[in-house]
Each structure stands twice: as structure tokens, then as C-alpha cells.
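Residue-level structure breakdown
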Amino acid sequence: MNRLLLAAYPEPHRSRHGEELLACLAEAYPGRSWPPPREVAALVRAGVQARARAIVDDTTRPWWLDGIHLAALALAALALVPYLQDVWHWALHIDPGQHAIAFHFSGWYPWAEGPTRIRLLPYGLLPLGCLIALLRGRPWIALPAAAAMIWAGATSHGRTLFGDEGKAGLGYYGLGTPITVHDLVLSGTLCTACAVLTACRPSRLRRRSYRWLVPVVLAMYVAGGLHIISVSPTFQRGLFALEVAALIAAWVATASTGDYRWLIPVAAVAFIRTQAIVIQPQGFMQSLPNLVVLVLLIAPLPVLAITAQRRQGQALAQ
């Protein structure tokens, strides 16, 4: 199990120091397959710092381009969240039965019986395809998928290629922010980011391994296998925990490098959610007071900016 901790470190670091780190853990905690939680947190933090320094030391691309790429990845993942169950059921030919009530026309289920027997594609295929293309550094493939998301959201009510999935029902993101397919700010911002990446020499973009899709497949399995939809309190708590972990990782990376690139995806997600709450306050889930949610969404931005500025100041002083 200790080898799982090595995944937090970049590959060159694992090659040089991986076995040494495993030997130290085995000597410090004999008979244990997993170190204490405090040691786990310290190792993960060191891994995030090592990855952040390796990213900043790579000068083949400007920081702002890498930041826009990260923002596009975050927005594609955000758009996929409410449709994890639908894509899982569609891919494995599972009849969702009564669990398909979250959205009307929940995907293409020609093998199903009753009201789910319809021949439409799940909307979640669009953000999923966009996410995979962006992971592989191919924004010219993600761009038409993002444009199709805008088309699906702007289409009038009725049976289109994707039905009205996500239009009648609300998709909730983390702190109860309601965003539907009809809210074109998310898909429009994602499409704009993909267009910028396509225009700025895509060959310079970072290409990530398909292993980054493992958490996505795991989330689909949990949502589809256990029939946990995005409005479920369990789903909300799990997503909130993941978002807090991502914000902490962004802060650790910023504090160790003084780089502003991690501020861009945090700002993009905060903008999308804030406008959704401001424009549609009646759809807010009311899990927390509106003002508290807005503060939680906006607070990380000045924190990251101040952290980056202070780190750069320390570097100049040294």
C-alpha cells in the first residue's frame, strides 16, 4: 500500500528516490502496510510540491497557457458531475429503472423496459469526451464537443439528440449550486477556453496519461453502481471533500512555487458557480446560507494570489 503514496510524486522523483522512500517507511513502521495519517499527509504534501516544482521548471509553455488548460479540465469535469450515473448505465447497458427519474430521457436505453425505452444519447458523453481530449492535449477535439454542449443547452424543449436531459432537472455542484444545461455560461466558458488552447499551438500543451481517468471511472462506478445521483446528500458531501482537497493542493503548489497558474482554474470554477447562485437564487439548495457559500467560493482567490506574491517576494529576498 505504501507504493500508492509514490503516485503523488512525479515519475523522475519516483525513479530516483522511490525505493529509498519505501525502505524508510518499512523501517520506520515495521509490519504496517500504511503509515500513520500524519505521515501520509506529509508525504502527499511533499509529492504535490515536487510535482508543482517540476511543472514550473518546465519552460516549454507559458504559465498562463498551462493555467487555461487546467481551467478547461476543471470545467469539463464540473460539467460531467451530474451525469456520471447516466454515462455508466449507458456504457454497460444497465437499465436504471426507477433510478432514471433524476433527468427526463436519461440516455440511450434501447434494451430497457418501460419509460426508459428511448433512443437518445446521454448528455454526459459530451463533457466526458471533452475531458479525455483535454487530458491528452488535443483541444481541437474538445472544441466541437464543447460547442455541442452549447447547442444542446440552447436547443428548444423537446426531444433532440440528447433529449431534455439536464434541462428539466437540476445538476448540483458541491455547495448546492444549481447549474443546468440551459445555463450556457459553463459550456460557453469551456468552449472559449478550448478555442484559446486550439489557437495557441496545441503541440505546446501538456499531455497527461490515461491513468488520470481512473478517478473518473471510479466516480462513475460509485454513482452508477450505487445509484447515487448528484442531488444526494452523500454525493454532495463526497464532492465537497474532493473540492476541498483540490483547493488545498492548489494552495500547496502555489506556496511552494509562487506561480499563478493554479489561480486560473480556481477562479474559473468560482466564477461559474457564483454567477449561477446570483442569477438563479430560487434554485439554490440552501444547504448553507447564500452569503456563506459565496464567501467560501470567492475566498480562495485572494488567498492564492497573496500566497503567490509572498512566495515570489521571499524568492527575491533570497
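Scroll up a little and you will see the structure.
Below is a summary of the structure that appears in this document. Computed from a predicted structure; not experimentally measured.

Moving on: the nonpolar core. A general tendency of soluble globular proteins is for nonpolar side chains to be buried together. If you look at the biggest cluster of nonpolar residues, it comprises 48 residues, and the most contacted ones within it are L75, C130, L134, L190 and M220. With 10 residues, the single largest contributor to this core is helix α4 (residues 63–80). Counting 10 residues, the second largest nonpolar core, distinct from the first, contains L5, L22, V40 and A50.

Between α4 and helix α6 (residues 125–135), the shortest axis-to-axis distance is 8 Å and the interhelical angle comes to 155°. One way to sum up the angle between α4 and α6 is to call them roughly antiparallel. Handedness of the α4/α6 crossing: left-handed. Residue-level inspection shows H69, A72, L73, A76, A77, A79 and L80 of α4 in contact with α6, the latter providing P127, L128, C130, L131, L134 and L135. The residue makeup of the contact of α4 with α6, split by class, is 12 nonpolar, one polar and no charged.

With that settled, consider the environment of W212. The residue W212 is located in the loop between α8 (184–199) and α9 (214–225) in this model. Judged by relative accessible area, which is 48%, W212 ranks as partly exposed. Considered as a pair, W212 and L135 are 77 residues apart in the sequence and their alpha carbons are 7.9 Å apart.

Right, let's get into the pattern of salt bridges. Under the defined criterion, the tally for this structure stands at six salt bridges. Here R261 and D66 are joined by a salt bridge, their closest N and O atoms 2.9 Å apart. Within this pair, whereas R261 is found in the loop between α10 (233–257) and α11 (263–279), its partner D66 is found in helix α4, the two being separated by 195 residues in sequence. Classification of R261 as buried rests on a relative accessible area of 3%. R273 is the salt-bridge partner of E243, the closest N and O atoms lying 2.6 Å from each other. With E243 in helix α10 and R273 in helix α11, this pair connects stretches of sequence that are 30 residues apart. For the pair E243 and R273, a shared accessibility class is recorded, and that class is buried.

Further remarks concern the packing of aromatic side chains. The tally for this structure, following the rule as stated, stands at two aromatic pairs. Ring geometry for W63 versus Y260: centroids 6.3 Å apart, planes at 50°, classification tilted. Placement of the pair is W63 in helix α4 and Y260 in the loop between α10 and α11, with a sequence separation of 197 residues. Look at W63 and you get partly exposed, because its relative accessible area is 39%. A centroid spacing of 5.8 Å and a plane angle of 75° characterise the contact between W88 and Y221, whose relative ring orientation is edge-to-face. Note that W88 is positioned in helix α5 (residues 84–91) and Y221 in helix α9, a separation of 133 residues in sequence. Residue classification places Y221 among the partly exposed residues on the basis of a relative accessible area of 49%.

Cut-offs applied
- Residues numbered from 1 in each chain as written.
- Predicted model: local features only at pLDDT ≥ 70, side-chain atom pairs only at ≥ 80, totals over all residues.
- Heavy atoms only, no water.
- Core = buried A, V, L, I, M, F, W, Y, C linked by side-chain atoms within 4.5 Å.
- Buried < 20%, exposed > 50% of the residue type's maximum accessible area, 1.4 Å probe, protein only.
- Helix = DSSP H or I, 4+ residues; strand = E, 2+ residues; numbered from the N terminus.
- Axes fitted to C-alpha atoms, helices over the stretch in contact; angles between N-to-C directions.
- Parallel < 35°, antiparallel > 145°, perpendicular 65-115°, else oblique.
- Left-handed = near helix turned anticlockwise from the far one by under 90°.
- Contact = heavy atoms within 4.5 Å.
- Nonpolar A, V, L, I, M, F, W, Y, C, P; charged D, E, K, R; others polar.
- Salt bridge = Lys/Arg side-chain N within 4 Å of Asp/Glu carboxyl O.
- Phe/Tyr/Trp six-rings, centres within 6.5 Å; stacked < 30°, edge-to-face > 60°.

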